[in-house]
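Examining the three-dimensional arrangement
Read off the chains here:
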Amino acid sequence: MAGRLNIWRWVVLGLAALYFLVPLAASVIFTVDVPGEGVTFDAYTQIVSADGFTSSLVLSLELAAATIAVVLLLMVPAMVALRLGAPRLRPVVEVICSLPLVVPPIAFVAGIATVLKWGPDYLSRTPLFETFVAIQNPSFPFVLVLAYVVMALPFVYRALDSGLRAIDVKTLVEAARSCGAGWPQALVQAVLPNLRGALLNASFLTLALVLGEFTVAQLLGFQPFAVWIYSVGGSNAQLSVAVSVLSLVVTWALLLTLAGVGGRDKTAKSRG
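Residues numbered from 1 in each chain as written. Predicted model: local features only at pLDDT ≥ 70, side-chain atom pairs only at ≥ 80, totals over all residues. Heavy atoms only, no water.

Section: the overall build of the protein chain
Short version of the rule: Only DSSP runs of H or I reaching four residues or more are called helices, and only runs of E reaching two or more are called strands; each is numbered from the N terminus. Should any heavy atoms of two residues lie within 4.5 Å, those residues are counted as being in contact. In short, Shrake-Rupley with a 1.4 Å probe defines the accessible areas, and a residue's cover is counted only from the protein chains shown.
Along the protein chain, the regular secondary structure elements total 13 helices and two strands. Principal-axis analysis of the C-alpha atoms gives the protein chain an extent of 75 × 75 × 30 Å. Taking all contacts inside the protein chain whose residues are at least 6 apart in sequence as the whole, residues at least 24 apart take part in 76%. Per element, the accessible surface of the protein chain, about 16,300 Å² overall, is 69% carbon and sulfur.

Have a look at this one:
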């Protein structure tokens, strides 16, 4: 029985590897095989010098950093407070945080666009009008940060919930409080170090979401990295696919790095 399970396990892993690696290999071949020229890596060497590459990538990284900061500042204290003071509300919070998975992105961005169009008409004589203009600044559209925070809630909630389930939050907070620490200090010095893996998971998932998100940014008229890749594809398909392959490889590298960091943390804790 054990031998059969091992065989099926390898079969499933092999099929999964083919499912992911065959399209990736086809994409790489498409970018390096130029008819009439043979194998060339011009598509990859042109990436850095391509018009709009640096600005779109920097914008996406800035949006990702802001989104990670906002969603963690919002969710970590809320999750800890939920764990300590109101555990019965956990199903309610879980449902609320899972709603972005149910709402289609096209409906979500349609609602955002409606609000943004409504604001100038009814708030033009109030101080909020400047706020509506500021959050739509093309150099840093904070409205995308707000949208990405909502879209990242399901992933961040799951990551933090798993981390909090693995530790005794109440004991850690009570120990820190008994040593004279205030609530913010207890959270920062006692709870957060034990949530390092969960925080890394939540940050990585949010980063991957922001770098790959297309619908909201495109329909709102902004051009972060994913939208730039799409726009380049109309004039230079090989360059667009090369950038997609490179971004996928970078994402995998970040995932492996995260797995390595998490493994070292577990090893250190087990030795301690």
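Some thoughts on the nonpolar core
Soluble globular proteins tend to bury their nonpolar side chains together. Counted only if it meets this: Throughout this description, the term nonpolar core refers to a set of buried Ala, Val, Leu, Ile, Met, Phe, Trp, Tyr and Cys residues connected via side-chain atoms within 4.5 Å. A 1.4 Å probe rolled over the protein chains alone gives each residue an accessible area, and that area as a share of the maximum for its type sets the label: buried under 20%, exposed over 50%, partly exposed in between.
Membership of the largest hydrophobic core comes to 49 residues, with the highest contact counts inside it found for Leu-72, Met-75, Leu-144, Val-156, Leu-160 and Leu-220. Breaking this core down by element, the ones donating at least two residues are helix H3 (53-85), helix H5 (105-123), helix H7 (142-165), helix H8 (169-178), helix H9 (183-191), helix H10 (196-212) and helix H11 (215-220). Residue contributions to this core peak at 14 residues, all from H7. With eleven residues, the next largest nonpolar core counts Ile-47, Ala-50, Phe-53 and Phe-225 among its residues.

Notes on the pattern of salt bridges
Formally: Each reported salt bridge corresponds to a side-chain nitrogen of Lys or Arg within 4 Å of a carboxyl oxygen of Asp or Glu.
All chains considered together, the criterion is met by four salt bridges. For Asp-161, the salt bridge is made with Arg-90, and the minimal N-O distance between the two is 2.9 Å. Here Asp-161, found in helix H7, pairs with Arg-90, found in helix H4 (residues 90-102); they are 71 residues apart in sequence, far enough to count as distant. Among the residues examined, Asp-161 registers a relative accessible area of 7% and is labelled buried.

Here we look at H5
Side chains three or four residues apart in an α-helix point the same way, a direct result of the helix having 3.6 residues per turn. Our working rule: In a helix, the anticipated span is given by 1.5 Å times the number of residues less one. Directions drawn from the helix axis to the C-beta atoms are what define this arc.
The terminal C-alpha atoms of H5 lie 27 Å apart, and with 19 residues this matches the ideal 27 Å at 1.5 Å per residue to within 8%. By the burial criterion, the buried members of H5 are Val-109, Ile-112, Leu-116, Gly-119 and Leu-123. Buried positions in H5, seen along its axis, are confined to an arc of 100 degrees and lie on one side of it. Facing away from the buried side of H5 by more than 90 degrees, the exposed set consists of Ile-106, Thr-114, Lys-117, Asp-121 and Tyr-122. Summarising the contacts, the buried residues of H5 are in contact with helix H6 (128-134), H7 and H11.

Examining the packing of aromatic side chains
To keep things clear, this is the line we draw: Aromatic rings from Phe, Tyr and Trp, taking only the six-membered ring of Trp, are treated as a pair when their centres fall within 6.5 Å; an angle between ring planes under 30 degrees marks them as stacked, one over 60 as edge-to-face, and anything in between as tilted.
Applying the stated criterion to the full structure yields five aromatic pairs. Of the aromatic side chains, those joined through ring pairs into one cluster are Phe-53, Phe-225 and Trp-228.

Description of the side chain of Thr-67
Relative to the helices and strands, Thr-67 resides in helix H3. Look at Thr-67 and you get buried, because its relative accessible area is 0%.

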